[in-house]
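Now for the letters of each chain:
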Amino acid sequence: MASLEQSRQLVTEIPGPLSLELNKRRASAVSHGVGISLPVFVARAGGGIVEDVDGNRLIDLGSGIAVTTIGNSAPRVVDAVREQVAEFTHTCFMVTPYESYIAVAEELNRITPGSGEKRSVLFNPGAEAVENSIKIARSYPRKPAVAAFDHAYHGRTNMTMALTAKSMPYKSGFGPFAPEIYRAPMSYPYRDGLLDKELATDGELAAARAIGVLEKQIGAANLAAVIIEPIQGEGGFIVPAEGFLPALVDWCHKNDVVFIADEVQSGFARTGAMFACEHEGPNGLEPDLICTAKGIAGGLPLSAVTGRAEIMDAPHVSGLGGTFGGNPVACAAALASIETIESDGLIERAQHIERLIFDVLLRMQAGDDRIGDVRGRGAMIAVELVKSGTSDPDAELTNKLVTAAGAAGIIVLTCGMFGNVIRLLPPLTISDELLIEGLEVLRLLLADL
Ligand SMILES: Cc1ncc(COP(=O)(O)O)c(C=O)c1O
């Protein structure tokens, strides 16, 4: 394939005529339960660009929801997938296994936080990894309850809907949900700070509030696991106050509660570290189990649970698995992706992107009181929009901005419990120039609204 030109170009209105045609076919063939952020149909993508079927080139600030961290059709992934697909596409690891599954497990055991002996098990989407992390955690202490947090998002299967906080669109009408799931207050520095300045800055205080709920409403004797995203994704890129996560881990370890980090969105260099847990405390957090997916395999579907060997080995033989889990093509892609992150210095690249985005957004915030908060790490940065002169969430403004951005050839996504957060998740292969151009377009569009 000829390399994709790295420039924004609009040759039709967005969406263009061919996309509109495809959108009609979509409406009559695809379940209307699947929502589409921007009905622009893709022909090619790579670097920091998505090219549509009409020949428009859009700047990608979404990475297919934090998946193509190493870029779309990354060269090492393309080669590895081609090679594997020509050898065999599937045998099922549970029937006749193959080496690449083991190699991925070894790599995950090596690169995830935690120094002790570890094991991994592979699945397909993030939700399946989360489901299985709960199965594994429950089979270890044999206790029933699981605690998740306010604003959490863990997926769309029955168990993960139960763990997810937001009703619309994720849960509404789809219950009843899995039982024995409880919810604790998250540390949300921006919104906590509106009520109590100390709570916003003192993570241990915010953890004490959460632990109070765990102790009083569940009791450690009944609690198998606490699951948390070290930086919340769909919930609004919420980075908890310093000290919050270490205090929670500490409490879990003292009370035989399995601590699960859901790094499905924040993992694989996205936050300027291989995993977001590494930013916490002087030596980083050591979760008992860690769920990964999204950025793991350069766009191929693969997910994993990795963790302490004694917990990972607790389920009985054949208690874990699935037909497609650890598909050989996805495994080949994962090995190529990890190599790409490490060899191409993508962790440092994410740190550079963080500085660049913060620089622009903080200047924007200084002149615009509708920007309530700018937060995040690495190439996972959010802008929380509020009504001018208040801290009331402004979902309408957020939607208008995202729609205008799409029309101008910039792919951006929203998130947040109140639908008022713009999230920036560029691929780490985007050039500085494209990224700055994308941010500048957003700045101008917001100023116009
Ligand atoms: C933190 C987190 N956990 C789990 C999931 C579910 O992953 P998937 O959509 O691959 O099932 C997501 C997806 O956005 C996520 O952000």
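Just above sits the structure.
Criteria and cut-off values
- Residues numbered from 1 in each chain as written.
- Predicted model: local features only at pLDDT ≥ 70, side-chain atom pairs only at ≥ 80, totals over all residues.
- Heavy atoms only, no water.
- Disulfide = S-S within 2.5 Å.
- Axes fitted to C-alpha atoms, helices over the stretch in contact; angles between N-to-C directions.
- Helix = DSSP H or I, 4+ residues; strand = E, 2+ residues; numbered from the N terminus.
- Parallel < 35°, antiparallel > 145°, perpendicular 65-115°, else oblique.
- Left-handed = near helix turned anticlockwise from the far one by under 90°.
- Contact = heavy atoms within 4.5 Å.
- 1 Å grid on protein atoms, 1.4 Å probe; cavity = no way out; pocket = protein on both sides within 12 Å on 5 of 7 lines; lining within 4 Å.
- Points joined across faces, edges and corners; volume = space filled by probe spheres on them.
- Nonpolar A, V, L, I, M, F, W, Y, C, P; charged D, E, K, R; others polar.

Asks: Outline the state of the cysteines, listing residues and values.
Replies: Summed over all chains, the structure comprises zero disulfides. Looking at the unpaired Cys 252, the closest cysteine sulfur is the one in Cys 277, lying at 12 Å.

Asks: Account for the packing of helix 14 (residues 395–407) against helix 15 (residues 432–448), with residues named and values stated.
Replies: In the contact formed by helix 14 and helix 15, the axes pass within 10 Å of each other and the chain directions differ by 130°. The pairing of helix 14 with helix 15 is recorded here as oblique in orientation. As for how helix 14 packs across helix 15, the hand of that crossing is right-handed. Contacts between helix 14 and helix 15 involve Leu 397, Leu 401, Ala 404 and Ala 405 on the former and, on the latter, Leu 442, Leu 445 and Leu 446.

Asks: Outline empty space enclosed by the protein, supporting the account with residue identities and numerical values.
Replies: Empty space among the atoms becomes apparent when a probe as large as a water molecule is rolled across them. Counting across every chain of the model gives two cavities of 30 Å³ or more. One number sums up the size of the largest cavity: a volume of about 80 Å³. Taken together, Leu 361, Met 364, Val 383, Leu 401, Ile 422, Leu 424, Leu 439, Leu 442 and Leu 446 form the lining of the largest cavity. Broken down by secondary-structure element, the contributors of at least two residues to the lining of the largest cavity are helix 13 (346–366), strand 15 (421–424) and helix 15. Counting residues per element, the lining of the largest cavity draws most heavily on helix 15, which supplies three residues. Partitioning the lining of the largest cavity into residue classes produces nine nonpolar, no polar and no charged. Taken as a whole, the second largest cavity holds about 40 Å³ of empty space. Around the second largest cavity sit His 151, Ala 152, Tyr 153, Ala 165, Lys 166, Tyr 170, Glu 234, Gly 235 and Met 417, which together line it. Residue composition of the lining of the second largest cavity, by class: five nonpolar, two polar and two charged.

Asks: Summarise the layout of surface pockets; cite the residues concerned and give the values.
Replies: By volume, the second largest pocket amounts to about 520 Å³. Around the second largest pocket, the lining is made up of 23 residues, and of these Phe 93, Tyr 101, Ser 120, Val 121 and Leu 320 lie nearest the centre. For the lining of the second largest pocket, the secondary structure elements donating two or more residues are helix 4 (99–111) and strand 4 (118–123).

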